[in-house]
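Coordinate analysis (summary)
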Amino acid sequence: MKRIYLLSIVFLMNIGMINAQNNPLLGTFNTPHETAPFNEIKNEHFLPAFKASIEAGEKELEAIKSNPEAPTFENTIVALDHVGRLLGRTSGVFFNLLGAETNEELQGIAQEVSPLLTKFQNDVSLDPVLFEKVKKVYQQKDQLNLDAEQKTLLENSYEGFVRKGANLSEADKAKFRAISTELSKLSLTFDENVLKETNAYELVITNKEELSGLPEGELEAAAGRAKAKGKEGWLFDITQPSFGPFMKYADNRDLRKTLYMAYSSKSFKGDELDNQENVKRIAELRLQLAQLLGYKNYADYVLERRMAINPAGVYGLLNDLYEASYKVALQEKQEIQEFAATEGFEGELMPWDWSYYSEKLKVKKFDLNDEMLKPYFELSRVTEGVLGLATDLFGITFRENKDIPVYNPEVTAYEVFDADGTFLSVFYTDFHPRPGKQGGAWMNDFKGQWKENGVDSRPHVTIVMNFTRPTETKPALLTFYEVETLMHEFGHALHGMLANSTYSSLSGTNVYRDFVELPSQIMENWATQKEFLDRFAKHYQTGETIPAELVQKIVDSQNYLAGYLSIRQLSFGYLDMAWHTLEKPYTGSVKDFEEQAWKKTQIFPAVDGVCMSTQFGHLFAGGYAAGYYGYKWAEVLDADAFSVFKEKGLFNKEVAASFRKNILEKGGTEHPMELYKRFRGHEPTVDALLERSGLQ
Ligand SMILES: [Zn+2]
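In this text, all values refer to a predicted model and were calculated from it rather than measured experimentally.

1. As for the overall build of the protein
Scanning the protein from terminus to terminus reveals 28 helices and 9 strands. For 696 residues, the compact-globule estimate of 2.2 N^0.38 gives 26 Å, and the C-alpha radius of gyration of the protein, at 27 Å, lies within 12% of that figure. C-alpha atoms of the protein, sized along the principal axes, occupy 95 × 65 × 60 Å. Taken across its 696 residues, the protein has 53% of its residues classed as buried. Nonlocal contacts in the protein, meaning residues at least 24 apart in sequence, comprise 72% of its contacts between residues at least 6 apart. Accessible surface for the protein amounts to roughly 32,300 Å². Of this, 52% is attributable to carbon and sulfur atoms.

2. With respect to the packing of aromatic side chains
Under the counting rule described, the total for this entry stands at 51 aromatic pairs. Arranged with centres 6.3 Å apart and planes meeting at 65°, the rings of F50 and F95 form a pair that is edge-to-face. Of this pair, F50 sits in helix α2 (residues 43-65) while F95 sits in helix α4 (residues 85-100), and the two are 45 residues apart along the sequence. For F95, a relative accessible area of 35% translates into the label partly exposed. Measuring from centroid to centroid gives 6.0 Å for F377 and F480, while their planes differ by 45°, and the two rings are tilted. Of this pair, F377 sits in the loop between α16 (370-373) and α17 (379-394) while F480 sits in helix α18 (residues 480-497), and the two are 103 residues apart along the sequence. Both residues of the pair, F377 and F480, belong to the buried class. In textbook terms, an aromatic cluster arises when at least three aromatic residues are bridged by ring pairs, as seen for F572, W598, F616, Y624, Y628 and Y631. Sitting over the face of the ring of Y356, R256 holds its NZ or CZ atom 4.2 Å from the ring centroid. A cation over a ring is seen here: K600 above Y322, with NZ or CZ 4.6 Å from the ring centre.

3. Focus: the packing of helix α14 (residues 311-342) against helix α25 (residues 630-648)
Interhelical geometry of α14 versus α25 gives an angle of 75° and a closest axis separation of 10 Å. Judged by the angle between their axes, α14 and α25 are roughly perpendicular. The segment α14 lies against α25, with G313, L317 and L321 engaging K632, W633 and V636. Per-class residue counts for the contact of α14 with α25 are 4 nonpolar, 1 polar and 1 charged.

4. Section: helix α23 (residues 590-598)
Among the residues making up α23, those that are buried are V590, K591, F593, E594, A597 and W598. Within α23, the buried residues cover an arc of 160° as seen down the axis, which keeps them to one side. Contact partners of the buried residues in α23: α12 (276-292) and α22 (562-580). Where α23 begins, the side chain of S589 points an oxygen toward the backbone nitrogen of K591, at a separation of 3.3 Å.

5. Topic: the coordination of the zinc ion
Protein ligation of the zinc ion involves H488 (NE2), H492 (NE2), E517 (OE) and E517 (OE), the donor distances falling in the range 2.1 to 2.8 Å. With 4 donor atoms in place around the zinc ion and angles of 51 to 139° between them, the coordination shape is irregular. Between consecutive donor residues of the zinc ion, the sequence gaps follow H-x3-H-x24-E. In this pair, H488 sits in helix α18 while E517 sits in the loop between α18 and α19 (518-524), placing the two residues 29 residues apart along the sequence. H488 gets classed as buried once you look at its relative accessible area, which sits at 13%.

6. Let's talk about a negative patch on the surface
On the surface, D320, E323, D687 and E691 cluster together into a patch of negative charge. Those elements that provide at least two residues to the negative patch are α14 and α28 (687-692).

7. Section: the pattern of salt bridges
Counting across every chain of the model gives 40 salt bridges. Between E101 and R434 there is a salt bridge whose closest N-O contact spans 3.0 Å. Placement of E101 in the loop between α4 and α5 (104-125) and of R434 in the loop between β5 (423-430) and β6 (442-447) is noted, with a sequence separation of 333 residues between them. What makes R434 buried here is its relative accessible area of 12%. One salt bridge in this structure joins E595 and K591, with 3.7 Å as the shortest N-O distance. Here the residue E595 and the residue K591 both occupy positions in helix α23, the gap between them amounting to 4 residues, near one helical turn. Here E595 falls in the partly exposed class, since its relative accessible area comes to 32%. Connected through salt bridges with shared partners, the residues E101, E410, D430, R434, K437 and R469 form a single ionic network.

8. What to know about the sheet that holds strand β9 (residues 460-464)
Whether parallel or antiparallel, the strands of a sheet pair through hydrogen bonds between backbone atoms. The mixed open sheet is built from 5 strands, whose spatial order is β3-β4-β5-β9-β6. In this open sheet, the two edge strands, each paired with only one partner strand, are β3 (397-400) and β6. Looking at each pair of strands side by side, their axes are set apart by 30° on average, direction ignored. Packed onto the sheet, α17 meets β3, β4 (412-417) and β5 and runs at close to 135° relative to β3.

9. Overview of the packing of α25 against helix α26 (residues 653-664)
Between α25 and α26, whose axes approach to 9 Å, the crossing angle comes to 160°. In terms of their interaxial angle, α25 and α26 are classed as roughly antiparallel. Judged by the sense of rotation from one axis to the other, the crossing of α25 with α26 is right-handed. Packed against α25, whose contacting residues are V644, F645 and K648, the element α26 presents V655, A656 and F659 at the interface.

10. Considering the pairing of β4
In terms of residue burial, β4 counts as a mostly covered element, since 6 of its 6 residues are buried. The side-chain alternation of β4 yields two buried faces, one formed by T412, Y414 and V416 and the other by A413, E415 and F417. Two elements, β3 and β4, share 4 bridges in a ladder whose sense is antiparallel. In the strand pairing of β4, R399 is matched with E415. Between β4 and β5, which pair antiparallel in sequence order, lie 5 residues; one of them, G421, sits at a positive phi of approximately 90°.

11. Describing unusual backbone geometry
One non-glycine residue, E34, lies in positive phi territory at about 50°. Secondary-structure assignment places E34 in the loop between α1 (2-22) and α2. For L561, which is not glycine, the phi dihedral falls at a positive 60°. Mapped onto the elements, L561 comes out in the loop between α21 (548-558) and α22. With a relative accessible area of 9%, L561 lands in the buried category.

12. Some remarks on the nonpolar core
With 146 residues, the main nonpolar core has F377, F398, F427, F490 and W526 as its most contacted residues. With 12 residues, the top contributor of residues to this core is α14. Leave out the neighbours within four places in its chain, and W526 touches L389, L393, M487, F532, F642, F645, L650 and F651.

The rules behind each value
Residues numbered from 1 in each chain as written. Predicted model: local features only at pLDDT ≥ 70, side-chain atom pairs only at ≥ 80, totals over all residues. Heavy atoms only, no water. Helix = DSSP H or I, 4+ residues; strand = E, 2+ residues; numbered from the N terminus. Rg over C-alpha atoms; globule rule 2.2 N^0.38 Å. Buried < 20%, exposed > 50% of the residue type's maximum accessible area, 1.4 Å probe, protein only. Contact = heavy atoms within 4.5 Å. Areas by Shrake-Rupley, 256 points an atom, 1.4 Å probe, with all protein chains shown as cover. Phe/Tyr/Trp six-rings, centres within 6.5 Å; stacked < 30°, edge-to-face > 60°. Lys NZ or Arg CZ within 6 Å of the ring centre and 35° of its normal. Axes fitted to C-alpha atoms, helices over the stretch in contact; angles between N-to-C directions. Parallel < 35°, antiparallel > 145°, perpendicular 65-115°, else oblique. Nonpolar A, V, L, I, M, F, W, Y, C, P; charged D, E, K, R; others polar. Arc of directions from axis to C-beta. Polar contact = N/O pair within 3.5 Å; in protein donor to acceptor, adjacent residues only side chain to side chain. Donors = N, O, S within 2.8 Å, 3.2 Å for Na, K, Ca; no water. Tetrahedral: all angles 85-135°; square planar, octahedral: opposite > 155°, others 65-115°. Patch = residues over 30% accessible without salt bridge, like charges linked within 9 Å, V, L, I, M, F, W, Y side chains within 5 Å. Salt bridge = Lys/Arg side-chain N within 4 Å of Asp/Glu carboxyl O. Lys, Arg positive; Asp, Glu negative; His and termini not counted. Charge placed at Lys NZ, Arg CZ, Asp CG, Glu CD. Pairing = 2+ DSSP bridges. Left-handed = near helix turned anticlockwise from the far one by under 90°. Core = buried A, V, L, I, M, F, W, Y, C linked by side-chain atoms within 4.5 Å.

Okay, structure coming up:
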C-alpha cells in the first residue's frame, strides 16, 4: 500500500512537471526581455495555460482573503493589484494573437475561455470577504500617509466594489443584479433588432441608367452583392460601405431618398424589430441602477469616473462648441444650397441631398485625392519619420532586434531605449492586412509595466495596422489617412512604453476613457505640419519633398464642413446626455423626446418616419452611454495640448519633457484633470480646437 501511495505521488508530480515543461506559456520565457516565445507556443497550449493561470490567480486571492493579519494597504490593496500576473501574461499573448493572427481554433478557445475569465473577474470584484478587507483599509485612508498614486489605487479598489453594489443591503443587491441582467439582455435585443433590420433590407436596381453618378468600383461591388444573392442587376443595402457611396454619388434623388429613409428608420417601424420600448426601458433601468447606488441620474454615475467629472462638465463643452459651430454650419448649408442651385437643384436641401452636393463641391474646391499624396508616404520612410519624432521629442531610440520572437515574419520587434541608454520597452509593429487579422488599427500590450521590490518591469507594446501592401512594382505607399492612423496608434504606444507607475492597474493607458485619446490624437497634429513632413515625406521615385501647396490642401480639405460635422457630433452628444440625465422614467414618444433633445442643433427640416435613438447602438448597446461627448472632448484636449508645441516649437524638448513627465509617464495614477493642468497650466479650453478647424 505504502509503496503504491509513494509511487502515485511521484507519478502526479511528474505529470505536473511535464505539463509545465511542455507548456511554454506556464514557464519562464527564455527570450530577450522575457518576450513571448511565439515559436514555441501552439494553439493547444492556451486552454490548459488559461486554466492553470486562473487557478494561480484564485490561489493569490485566497491568500489575501485568509490572511489572519489585520488588512493593510500592502497586504490587501497592493496584493490585489498583483493578483493574476500569470493570467495577464497568458491573456496578453492570446488576445493579441486573436486579433492579429487568428484562426478558427483560437476563436473556439476564446469562446471557451470567456466565461472562465468573467467568473474570475467576478471572484475578484464581487467577493464580500475581500470587500470587507478593502473597506477596512479605505476607512483609514487619511491616517495611512499614502502618496498620490497609492491614494488612487485605494480609491479605485474601493470604488470598484461600491460601484458594483458591494455596499448595498442584501435586498438591494438582488435588485442590482436583476437590473444588470435585464440591461444586458435588452442591449443584446436592441443590437439584434438593428442588425436584423439592416440585413433584411435590399434595393435591387436592374436599369443601369438609374445608377448614373456611381463610380465603376461601386457598381462592381453592387453587382457582386446582387450575384451573391442570386439576383440580376445591382444590389444596394444599408450597411455603411453600400449606403455611404450611394448617398455621395447617385444622381437619382428619389433613390437617394428611398435608401436614406430605409437607413434612418431602422427599428422604428412599429413592428417586432422596433426599439422604441427598448430605448425607454434601457434608460429607465439605468436610472434605477444609478438611484439605487445613490446618484441622481445615470450620467452622474458614469461621469464620476471621467475627466469631465459631471453633466455640467459635459454640457459646458457641448455648449461652448455649439456656440462656435452652429452659425458656421448654417453658412455651410447656404453654400451647399447655392452650389446645388448652380447644378440645377430647386427647392430646399434635404438630408439625402447633403452628401451628394457637398461631395461635388469638395471635389471642385480642393482637387485632392489619395493618389496625389501616396507617392510621398512610403511606409518605411514614414515609420522612420514617426519613430524619429519620438527621438527628437523624448530622446528615446529604437533598435530592431531579430532575436525577439515574432508571431508572423511581417512583424518587426524593436528594443526601445531611453536617452540615457536605459531599456524602456519592447515595441512590435505589424503593418499589413492578412487573412486572420481583424480590420482597423489598434495598440495593445503583451505585458504591462509595474514596479515591485525595487525592480521596474518594462512593458511590451504592439501596434497593428491594415495598411496598403507593397506590390511587385511599388513599395507600400500610404494614404494620408493611414499616415494619421500610424501617428495615432504610435501615440497610444508611447503612453504604454513611457509608463512609469508602481501599480500595474494604474499604468500606461489604464486611464479614464475620456482621457485615453489625448496621447494618440495629439500625435496626429504633427502629420499636417510642413516642418515635420519635410523630414521624411519625399517622393519615392524622385526624392522630391512634399510641396507646400499639397500640405495646405490637406489642411483645408480636413476643415471642409467643419461646422456641420461639429454640429452633427454635438447633436448626438446632446441626445445621449438627455437620455442619461433623466431623473424619472420617460413615458412619452421617443421621436418627440429626440426632437426636443437636439432641437437647437438641427439644420435640416424634420423628416417624419426616421429616428436616431432606436438605432443608436453606441448609447443603447455599447459602452458610450453618457460618454458620446468623449469624441469631442478628446479633440478639445489634443488641440489645446498641441497648441503649446505650436507656440514653443514643434520639437521643443522642454514641452515634450513636461508632456512626458505629467501625462505619458503618469498613466492613471492621479485624476487626469490634475495631470493635464500640471502640463498645460490651466484646464483645457475649446479655443485651440476652434482655431484648428477654422471655426474661429
Ligand atoms: Zn485611439
